[in-house]
Amino acid sequence: MERFKTGRFDGVADVIAIENLHIGLQTMAGQTPVLDGVSLKIRKGETACLVGESGSGKSLTSLAVMGLLPSGVLKVTSGRIMLGETDLLTRSKRQMRALRGSRISMIFQEPMTALNPVIRVGNQILEVLRSHGLASGKEAKRRVLDIMDQVHLPDVERIYRSYPHQLSGGQRQRIMIAMALILEPTLLIADEPTTALDVTTQKQILALISELQRKHGTAVLFITHDMGVVSEIADTVHVMRHGQIVESAPAQVLFRQPRHEYTRALLKAVPSLHPRSPRPEVSAPAALKVAGLGKTYASGGFLKARSEKRAAEDVTFQLMPGRTLGIVGESGSGKTTVARCVMRLVEPTNGAIRLGSLDIAHLPQGRLRDQRAKIQIVFQDPYRSLNPRRKIGQSLIEGPTNFGVAPEKALARARELMEIVGLSADALDSYPHQFSGGQRQRIAIARAVAMEPDVIVADEAVSALDVSVQDQVLKLLDDLQQKLGIAILFITHDLRVAAQICDYVIVMQHGKVVEHGTAEAVLVAPKHPYTRSLIDAAPGRGWDFGACREIAWPAAVS
Amino acid sequence: MLAYIIKRTLAVIPVMAIVALIVFLILRLTPGDPAAIIAGDSATPEQIASMREAMGLNEPIYLQFLHWIGQLLQGDLGTSLLSGTSVNALIASRIWPTLYIALLTIVMSVLIAVPLGTIAAWRHGRLSDHIVMIISVAGFSVPAFVVGYIFIKIFAADLRWLPVQGYKDPALGFGEFLRHAILPALTLTTAYVALTARMTRASLLNVLGEDYIRTAHAKGVSEPRVLLQHGLRNAAVPILTVVGTGFAMLLSGVVVVESVFNIPGIGRLTIDAVMARDYPVIQGMILLTSGIYVLVNLAIDLAYTLFDPRIRY
Amino acid sequence: MTRTLGETDAVAPQPGVSRFLSLPGSTRIGILPAIAAIVLLVILAVTICAPLLAPHDPLALSPTNRLKPPSADFPLGTDAFGRDLLSRILYGGQVSLFIGLGTAVVSVAAGLIIGLVAGFFRLADAIIMRVMDAFMAIPAVLLAVALVAVHGASVVSVIIAITFSEIPRVVRLVRSVVLSAREEPYVEAAISLGTRMPTILWRHLMPNTLAPLIVQATYICASAILIEAILSFLGLGIGTETPSWGNIMADGRTYFLVKPSLIFWPGLLLSLCVLSINILGDTARDRLDPRMRKREG
């Protein structure tokens, strides 16, 4: 079987053709356009993926098609958007409104916020029919229930009457899809529709979109940053960068023979699912030993049945110096709770956290403070992990000076560290907003390393970064580990990232550890069904993007 | 749900208890002898002594407080030093004009302010938005009594359309009531409209930035429907909150406006009591207005559950 | 700035997309705030220079010149005691503005400390917030009226009386800023770095409150000027031997149908002053902290 979709579209009519589209900032005429001559066409039944890193202009392209560019800020300066025979850019507001939801529709990234919280979801779907003056009363409701059925929602009568907050993320995205497809549009725009979802849910939603597309012959413009997803669903791929399309090709061609240098760089940066080669066992005593760790959140109380939520339960592992242990799981699995307990940012309910020889799980604050230097954390969001009002230098010496290092000495060390993490020492006098996300993450790492810790906890530390930056930050962590022998506890939802950096992997589900072993054992020959389903759901898992070829998996997985 | 209602209702108790304590302390922690202050400058030592006795000032302070609280719990606000009648009866006889005017104010304000704020948010950054914003900021920058006098000067003194001062009970004819109540209510409305329109605009602007508004546009929903069904409905909770917290401002305004328009409501009662140093009446009035404020906000909190299905504690 | 090759802004919002439909305000200084600033500066200047500008002694009684219309000698006419209205308004501004500023400073200082404590110490929080709820529940004018009635009216007692009803707003503001800021990763990073709690409070949390506090201070200043006027108007303010805009208007009450200018001129000046402060407050809010729009009201 072919690895990529091989839809043939020779002679199939265009549904949409974007021709030489330019978009500029309204207030700054003459500036570099935000979108610079974008052209692409999508034919009936075709899935076109628009892929690029943040700021490349991919979402803007879709908003332009929808006629939803924020007025007064951005405007189309030239080009055409042909939907069949009509140029959308010449349509009036009223005409565009009539087209939206009926001939072109769109689904968004965050199903949590994209639905109105105070209106029942059935009525929100119904509103599409009503807004286009189609169907009313019983007939309308029948059509809504029918489309809800088609997106495979269970118990449609009940869900029809539910509010968004009563549904799961996957169900909400199904509602969004139902809303988008109820009038059988010719073009569906999906803007990162699975980015906010867990991998297993993502797999189902991707399958659903493909299924409905086949059924109705819809053209799909799929916007994503995830090459794995692209490899699963795309007929055609358009790679965007700085407001331009740098390469367009059928998926087959693009993944096997990428031509443009940027495409190749992008593919190379996609971490492989294949685990790193094993490193020798360490015989030294463990840097961190966690035994029977549990965290229970109590809720309710007054006049209400007490309920307990076990965020983490009986978690046990040990972390060797100079090695990386990954905790992998979907949202709600308890992986972040474990990280925060280990840092004592939340109080563990039970269990032991041995840092070296000392159990810090229940240490009083005063004595805990003395131990803080030994274990440091790097957070997910680089934009919030540095105090915006303090200079980089001030942030870097805060820790060491807390432990009695003279400021001048700490500052000298900070200079060295900046060089080590790949930034210039002058940057110490700058403020965080002067740096990009990746640079800030380097600074956050430098701040942690300045404490000369035995353990660094990296809580989704590369999840907010673009793949190319992600790659560099992972390399930096690896380098630092080799130089300084730091043990890393790496929390991630991304199996690819885990495969790149972890020696050992723990898989968590519903607060419990379901599998524990070397990266090799867990990722290549998983034993637990949940681990298997996670690996199975990882998009593009059979493809080595950097090498442009299949990964030879042992038979055990497939 | 029921648990939330009960819990929220019980939360009123500590707040009112602290209000009572504050009211008590304002009077008792005065420099000097409250009995001497109340009895007045011309009182003889004997009169002051008997006043101390009557006020229970010879007891330890905590016992005084407990006595007073005990009285309050029986619904007894005490006895007016000036007229000798019970504070309850005084308030009961004076509260209706105030309530009618307050009600008229709220109805007029919401009817004017919500559409104004909606238009401003809809035309955000345009001329109509700026005009609404300037009017609304001006509305609470002018003291209520100045507004009142301007209205009297224009509509009563110059145009002679309406009476200068005074009050007629609605029972004596609604037309007459309105003729007397409209200027005081309009006076209070200027500030209240300003506040409510600002809040409507601000919360609607917030809501209009939400993702689900973008979804509604993507569905092809018409502009007015996006604004009303998706926008205002989600903005209702903060708007309601400001109507509630603005109630305190309204109660303050009543004192001023009743004084300007010579209306025999509880606002005038308060000022007369302050002038006469009639402390039981002052205490009673503060307790009453705070109580009304707390209850109005309780009602609004409970009403949230109707507007927002997510609030189910 | 040195940028590592190939790095792009990871989470930087694409222009216009994240701020979809809610347009950013214009970036230039508006005409309105500029006018407000000028008006306020002029009012400040003439009240401060009252001793130089006032044509008469604001306290000089002149029984022969009662309720005179404007003339060359008395540009705005005289009041019921024959005192020069213009001179009284100029001097009266000093008291009104001082009370506005004084209340703003005292309320913000006290509210900041109480709010920081409430935001950071769980135990104190519950008690402090209940007390603040209680103060919020008492209408500002009534509270001030009661306090002034008991303690007598002086500039200081009026400031203190108004402060009591303004503090809860400051406390709530500071507390909410602290509560949301303490969830920030950079605060948790500071905890992990072994920084002590008081230092975290001062170094990482307090600065977040400054911008919203500046805005709040302007609103308090405006509100205090208004409440002072109301107190005086009700006959509870500072005695007329110290003229304030409020008590000049109070003096004019009895004669307002005969001589409306006794209320009109001080009322106009006071309103312009409060309006200007409010406009500057709004401008500051929009500039300093866009998030403040959520707390408007």
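Residues numbered from 1 in each chain as written. Chains lettered and ligands numbered in written order. Predicted model: local features only at pLDDT ≥ 70, side-chain atom pairs only at ≥ 80, totals over all residues. Heavy atoms only, no water.

Residue and element names in this part refer to chain A. What the six strands build is an open sheet, ordered β6-β7-β8-β3-β9-β10; its pairing is mixed. If you trace the sheet from one side to the other, it starts and ends with β6 (104–107) and β10 (244–250), each paired once. Neighbouring strand axes in the sheet, compared pairwise and without regard to direction, differ in orientation by 20° on average. With four bridges joining them, strand β3 (residues 47–51) and strand β9 (residues 236–241) adopt parallel strand pairing. Of the residues in β9, the one forming a bridge with Ala48 is Thr236. Contacts between helix α7 (residues 169–181) and the sheet are confined to β6 and β7 (187–191), with β6 contributing the most and set at about 175° to the helix. In the packing of helix α11 (residues 261–269) onto the sheet, contacts are made with β9 and β10, and the angle to β9 comes to roughly 100°. (Pairing = 2+ DSSP bridges. Helix = DSSP H or I, 4+ residues; strand = E, 2+ residues; numbered from the N terminus. Axes fitted to C-alpha atoms, helices over the stretch in contact; angles between N-to-C directions. Contact = heavy atoms within 4.5 Å.)

Let us look at the domain arrangement of chain B. All names here are of chain B. Domain boundaries in chain B define domain 1 (2–73) and domain 2 (91–307). Measuring from the centre of the C-alpha atoms in domain 1 to the corresponding centre in domain 2 gives 32 Å. Both faces combined, the contact of domain 1 with domain 2 buries some 1,400 Å², and carbon together with sulfur accounts for 77% of it. Between domain 1 and domain 2 we count one salt bridge in total. On the surface where domain 1 and domain 2 come into contact, there are one residue pair in polar contact (both at pLDDT 80 or more). Among the secondary structure elements, those contributing two or more residues to the side of domain 1 that touches domain 2 are α1 (2–10), α2 (12–28), α3 (34–39) and α5 (61–73). Top contributing element to the side of domain 1 that touches domain 2 by residue count: α2, with eight residues. Residue composition of the side of domain 1 that touches domain 2, by class: 14 nonpolar, one polar and one charged. (Domains from an automatic or database assignment. Buried area = accessible area lost by both parts, 1.4 Å probe. Salt bridge = Lys/Arg side-chain N within 4 Å of Asp/Glu carboxyl O. Polar contact = N/O pair within 3.5 Å; in protein donor to acceptor, adjacent residues only side chain to side chain. Nonpolar A, V, L, I, M, F, W, Y, C, P; charged D, E, K, R; others polar.)

All names here are of chain A. Taking 1.5 Å per residue as the helical rise, helix α5 (residues 137–150) with its 14 residues ought to reach 20 Å, and the 20 Å between its terminal C-alpha atoms agrees with that figure. What α5 keeps buried is the set Ala140, Val144, Leu145, Ile147, Met148 and Gln150. Buried residues in α5 make contact with α4 (121–131), α6 (156–160), α7 and α8 (199–216). Trailing α5 by a residue or two, His152 shows a phi angle of about 60°, which is positive. (Expected span 1.5 Å × (residues − 1). Buried < 20%, exposed > 50% of the residue type's maximum accessible area, 1.4 Å probe, protein only.)

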